[in-house]
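# A closer look at the structure
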Amino acid sequence: MENKYSKKETVVVHKGYDSSQHHGSLSIPLYQTSTFAFDTAEQGERRFAGEESGNIYSRLGNPTVRVLEERIAELENGQSALAFGSGMAAVSAILIHLTKTGDHILCSRGIYGCTFGLLEMMQEKYNITHSFNAMSTEQEMEASIRPETVCIYVETPINPTMEIVDLELVYKVAQKHGLKIIVDNTFSSPYLQNPLDFGADYVLHSATKYINGHGDVVAGLLVGQDAEDMMNLRMTVQKDVGGIMSPFDAWLIIRGMKTLHVRMDRHSENAQKLVTYLQSSSLVKNIFYPFDPSHPQYEIAKKQMKAGGGLISFEIQGGKEMAQYFMNALQLIKIAVSLGDAETLIQHPASMTHSVIPESEREKMGITNSLLRLSSGLEHPDDLIADLKQAFTKVETHFAKTMYKNI
Ligand SMILES: *Cc1c(COP(=O)(O)O)cnc(C)c1O
């Protein structure tokens, strides 16, 4: 059954499943079970001893979840993958796996708000420290490397500023200092960027976002380069901390993921059109989109990403008050955190996803009170542009009136 195809578009539809073994069922069966019956007591003994492969208990593996793990491993060009109950369960599992008390983690300048929270907690409780680095040159990175540094944790594009980290540069430095690289690839999805191809050791996703793509599941995935190491992770941190994915969530993600490539192409196309429109609006100050030639790291983005993806950040003229007025004026675009859904979503990072980060830190990361993050959905771009346009008009009218009153 294997080797009949070579392309990712086919992998998301077929990998890891043979319908002839399942009564011809075209849809992958949902093994909604907590445990598995053994034929004999001896078989149970052999499975626990690892002498015979097979199912034991769903926290140690489940056939429906396994199909998803095989698909994501192949999509990311990795050896093996593990599925988790949330993106944060995948983040915490890999950090627990790689660190011990006294170690240091080097992080890209911006990271997901809850990853920041986790690192703060690890520092406080276990003395596992971290520092942030813009990672623009080798020298700059090396200035933050200490004898106790064990890994480099990277997000690219960075949420929500859309800064790009050069994965080739990170690999060069990591090689020199014997450090593991973890990349949070949520923003690009495995269709647009494959960090393992650039030398990363682990790549993780909040599958809640593009991979599932339908806004109805919270889940995480972790892919590794080394099958033995991943098996070790499965039988230690994943088994004993226990942040596993439910079979039903895996089933929904398998269904959502079949259209990943089609969706990502359209998300990227729509985003390009929205960027062009936003550039024409006098109320927009700065636009951050990796595949826009004005992006300072456009060349690096082109080198490591296939397309720009669906996320755009932009600064509106005026501060938080105007940003909030604008969001409230939107009619079609929903005010919501998360991203990668069919629906276009907008959020205000300073007061929402990144509100736990102290304002001074936030400003350093470029997350100002004027910044808005837009996740382009799959609607027709004309309708989205019309919605943005009418909201900008309302903002203009409202603020012109207030200004007039103040004179
Ligand atoms: C959403 C997100 C996470 C966390 O994932 P959950 O599925 O919400 O736990 C981590 N990293 C990035 C970049 C995200 O967008």
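The structure displayed is predicted, hence computed values, not measured ones.

A separate point is a nonpolar patch on the surface. Where nonpolar side chains cluster on the molecular surface, the patch consists of Ile335, Val337 and Met352 and spans about 220 Å² of accessible area. When its relative accessible area of 41% is taken as the criterion, Ile335 is described as partly exposed.

Attention now moves to the packing of aromatic side chains. A complete count under the given rule lists six aromatic pairs for this structure. Centre to centre, the rings of Phe116 and Phe132 are 5.9 Å apart; their planes meet at 25 degrees, and the pair counts as stacked. Residue Phe116 is found in helix H5 (residues 113-126), and its partner Phe132 is found in strand E3 (residues 129-133); the two are separated by 16 residues along the sequence. We classify Phe116 as buried; its relative accessible area is 6%. Consider the rings of Phe326 and Phe392, whose centres lie 4.5 Å apart with planes at 25 degrees: the pair is stacked.

All right, on to the domain arrangement of the protein then. With domains assigned, the protein is organised as domain 1 (8-30 + 61-257) and domain 2 (260-405). Summarising the inter-unit geometry, the C-alpha centres of domain 1 and domain 2 are found 26 Å apart. Tallying the contact residues gives 38 residues for domain 1 and 39 residues for domain 2. Here domain 1 meets domain 2 over a buried area of about 3,400 Å², counting both sides, of which 62% is carbon and sulfur. It is Tyr191, Leu192 and Tyr210 that lose the most area in domain 1 upon contact with domain 2, and together they represent 24% of the buried surface on that side. Between Lys303 and Glu168 there is a salt bridge, and its shortest N-O distance comes to 3.5 Å. In this structure, the connection of domain 1 to domain 2 is made through 18 residue pairs in polar contact (both at pLDDT 80 or more). Elements that contribute at least two residues to the side of domain 1 that touches domain 2 include exactly helix H1 (8-14), H5, helix H7 (167-177), helix H8 (189-192) and helix H10 (247-257). Ranked by residues supplied to the side of domain 1 that touches domain 2, first place goes to H8 with four residues.

With that settled, consider the site of the ligand. In the region of the ligand, 14 residues are neighbours, and Gly87, Asp184, Ser206, Thr208 and Lys209 sit closest. Here Thr208 contributes a side-chain N or O atom positioned 2.7 Å from an oxygen atom of the ligand.

The end-to-end C-alpha distance of H5 is 20 Å, a good match for the 20 Å that 14 residues give at a rise of 1.5 Å each. The set of residues buried in H5 consists of Gly113, Thr115, Phe116, Leu118, Leu119 and Met122. For H5, the elements touching its buried residues are helix H4 (87-98), strand E2 (104-108), E3 and strand E4 (149-155). With its phi angle positive at about 55 degrees, Asn127 sits one or two positions after the end of H5.

Our focus in this paragraph is the sheet that holds strand E10 (residues 334-335). If you walk across this open sheet you meet the five strands as E8-E9-E12-E11-E10, and the pairing is mixed. Of all the strands in the sheet, the pair left with one neighbour each is strand E8 (284-288) and E10. Relative to strand E12 (residues 371-375), strand E11 (residues 345-347) runs antiparallel, the two sharing three bridges. For Leu345, the partnering residue across the bridge sits in E12 and is Ser375. On the sheet, helix H11 (residues 260-279) packs against E8, strand E9 (311-316) and E12 and is oriented at approximately 15 degrees with respect to E9. Those strands touched by helix H13 (residues 320-329) are E9, E10, E11 and E12, and its axis lies near 125 degrees from that of E9.

Attention now moves to helix H3 (residues 63-75). If you check H3, its first and last C-alpha atoms are 19 Å apart, about what 13 residues at 1.5 Å a residue would give, namely 18 Å. Among the 13 residues of H3, ten are classified as buried, and the element is accordingly described as predominantly covered. Taken together, the buried positions of H3 are Pro63, Thr64, Val65, Val67, Leu68, Glu69, Arg71, Ile72, Ala73 and Leu75. A positive phi of about 55 degrees marks Asn77, the residue just after H3.

Cut-offs applied
Residues numbered from 1 in each chain as written. Predicted model: local features only at pLDDT ≥ 70, side-chain atom pairs only at ≥ 80, totals over all residues. Heavy atoms only, no water. Patch = residues over 30% accessible without salt bridge, like charges linked within 9 Å, V, L, I, M, F, W, Y side chains within 5 Å. Areas by Shrake-Rupley, 256 points an atom, 1.4 Å probe, with all protein chains shown as cover. Salt bridge = Lys/Arg side-chain N within 4 Å of Asp/Glu carboxyl O. Buried < 20%, exposed > 50% of the residue type's maximum accessible area, 1.4 Å probe, protein only. Phe/Tyr/Trp six-rings, centres within 6.5 Å; stacked < 30°, edge-to-face > 60°. Helix = DSSP H or I, 4+ residues; strand = E, 2+ residues; numbered from the N terminus. Domains from an automatic or database assignment. Contact = heavy atoms within 4.5 Å. Buried area = accessible area lost by both parts, 1.4 Å probe. Polar contact = N/O pair within 3.5 Å; in protein donor to acceptor, adjacent residues only side chain to side chain. Near = heavy atom within 4 Å. Expected span 1.5 Å × (residues − 1). Pairing = 2+ DSSP bridges. Axes fitted to C-alpha atoms, helices over the stretch in contact; angles between N-to-C directions.

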